[in-house]
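# Fold and geometry: a report
This is what each chain is made of:
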Amino acid sequence: MNIALIGYGKMGHMIETICKERGHNIVCIIDVDNQQDFDSPEFASADVAIEFTSPTAAYANYLRAFKAGVKVVSGSTGWMKDHANDVKRMCKEEGKTLFWASNFSIGVAIFSAVNRYLARIMNSFPQYDVRMEETHHIHKLDAPSGTAITLAEEIIDDLDRKKEWVKGVQRHADGTVTGTNDVPADELPIESIRRDEVPGIHSIVYDSDADAITITHDAHSRKGFALGAVLAAEYTKDHEGLLTTSDLFKF
């Protein structure tokens, strides 16, 4: 495949390495200092562009890639609140293709399947309350993480006693603490922690007077995320529309 990279930070570099290991060609790399390359023939020659940037840049990147006729795989989070409906419309009505996931890790896809199954079981056991915690490196801008929000929404879909997720305690990189986990019974609090260079830890806790059940995904590095993004690009080459990990991983 011919692959373009949009965003060339730590994740972009790791994706580049994995693409080459899997025999793909990197035809264009776009970062903040060469935005004009969206209009280059090299970018237009890409089968798929893999995009990992920021919540404020992602949507504009999609538009420029779509204009060039290039499919996009993206792991950027934080843009959906303002632009989700527009992206869905473009993919459904205008023939654009975006494979988006809050997390591309194969392990997280498995963890997500376990999360959904456990929530269905716990729907019959109201003595267990549920809360969540996510920990990421100090450079991560959004909180809760996109992965935590996705996991929380999966729980809410299957747990009748929870109606919405809310921000819980926020432990910031500078050591300050804000927020609370003391919320109404029908809300699911997500505690967010920012420290060191943690790639990502997500825990879901069901707690009762008798005991607690905890499931955790702990990423050792960004490699799992990068490999999943490349697998998604390989899938996207031959598929169209608005795609996600449930299309790629059939759990």
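To keep things clear, this report deals only with the structure shown in the data block.

## With respect to the overall build of the protein chain
Along the protein chain, the regular secondary structure elements total eight helices and twelve strands. Relative to a compact globule of 251 residues, whose C-alpha radius of gyration would be 18 Å, the protein chain shows 19 Å and is just as compact. Expressed along its principal axes, the backbone C-alpha trace of the protein chain runs to roughly 60 × 40 × 35 Å. Relative to its 251 residues, the protein chain shows a buried fraction of 48%. Across the protein chain, every contact between residues at least 6 apart in sequence was considered, and the portion connecting residues at least 24 apart equals 66%. Accessible area for the protein chain stands at about 12,300 Å²; split by element, carbon and sulfur atoms hold 51% of it. One finds the centroid of the 26 positive side-chain charges in the protein chain at a distance of 3 Å from the centroid of its 38 negative side-chain charges.

## Here's the deal with the sheet that holds strand E11 (residues 212-218)
What the six strands build is an open sheet, ordered E8-E7-E9-E6-E10-E11; its pairing is mixed. Single-partner strands in this sheet number two, and they are strand E8 (177-178) and E11. Bridge analysis of strand E10 (residues 201-207) against E11 gives seven bridges, and the strand direction is antiparallel. Note on E11: the bridge partner recorded for Asp-207 is Ala-212. Helix H5 (residues 106-122) rests against E10 and E11 of the sheet, and its axis sits at about 165 degrees to E11.

## Quick notes on the sheet that holds strand E1 (residues 2-6)
On the basis of which strands lie adjacent, the open sheet formed by six strands has the order E2-E1-E3-E4-E5-E12 and parallel pairing. Of all strands in the sheet, those bounded by a partner on one side alone are strand E2 (25-30) and strand E12 (242-243). By the bridge criterion, five bridges tie E1 to E2 in an arrangement that is parallel. Among the inter-strand pairings, Ile-6 is bridged to a residue of E2, identified as Ile-30.

## Digging into the environment of Glu-94
Along the chain, the position of Glu-94 falls in the loop between helix H4 (80-93) and strand E5 (98-100). Along the backbone, Glu-94 and Pro-189 are 95 residues apart, and their C-alpha atoms lie at a distance of 38 Å.

## Observations regarding the nonpolar core
In this structure, Ile-15, Ile-50, Phe-52, Val-73, Phe-99 and Phe-104 are the most contacted members of the largest nonpolar core, which totals 23 residues. Elements with a contribution of two residues or more to this core: E1, helix H1 (10-21), strand E3 (48-51) and helix H7 (223-236). Ranked by the residues each element gives to this core, the list is headed by H7, at seven residues. In this structure, Val-73 is in contact with Val-48, Ala-49, Ile-50, Glu-51, Phe-99, Phe-104, Ala-229, Ala-232, Ala-233 and Thr-236, ignoring residues within four places of it in sequence. Ranked by size, the runner-up nonpolar core spans 21 residues in total, among them Tyr-62, Ala-65, Val-70 and Trp-100.

The rules behind each value
Residues numbered from 1 in each chain as written. Predicted model: local features only at pLDDT ≥ 70, side-chain atom pairs only at ≥ 80, totals over all residues. Heavy atoms only, no water. Helix = DSSP H or I, 4+ residues; strand = E, 2+ residues; numbered from the N terminus. Rg over C-alpha atoms; globule rule 2.2 N^0.38 Å. Buried < 20%, exposed > 50% of the residue type's maximum accessible area, 1.4 Å probe, protein only. Contact = heavy atoms within 4.5 Å. Areas by Shrake-Rupley, 256 points an atom, 1.4 Å probe, with all protein chains shown as cover. Lys, Arg positive; Asp, Glu negative; His and termini not counted. Charge placed at Lys NZ, Arg CZ, Asp CG, Glu CD. Pairing = 2+ DSSP bridges. Axes fitted to C-alpha atoms, helices over the stretch in contact; angles between N-to-C directions. Core = buried A, V, L, I, M, F, W, Y, C linked by side-chain atoms within 4.5 Å.

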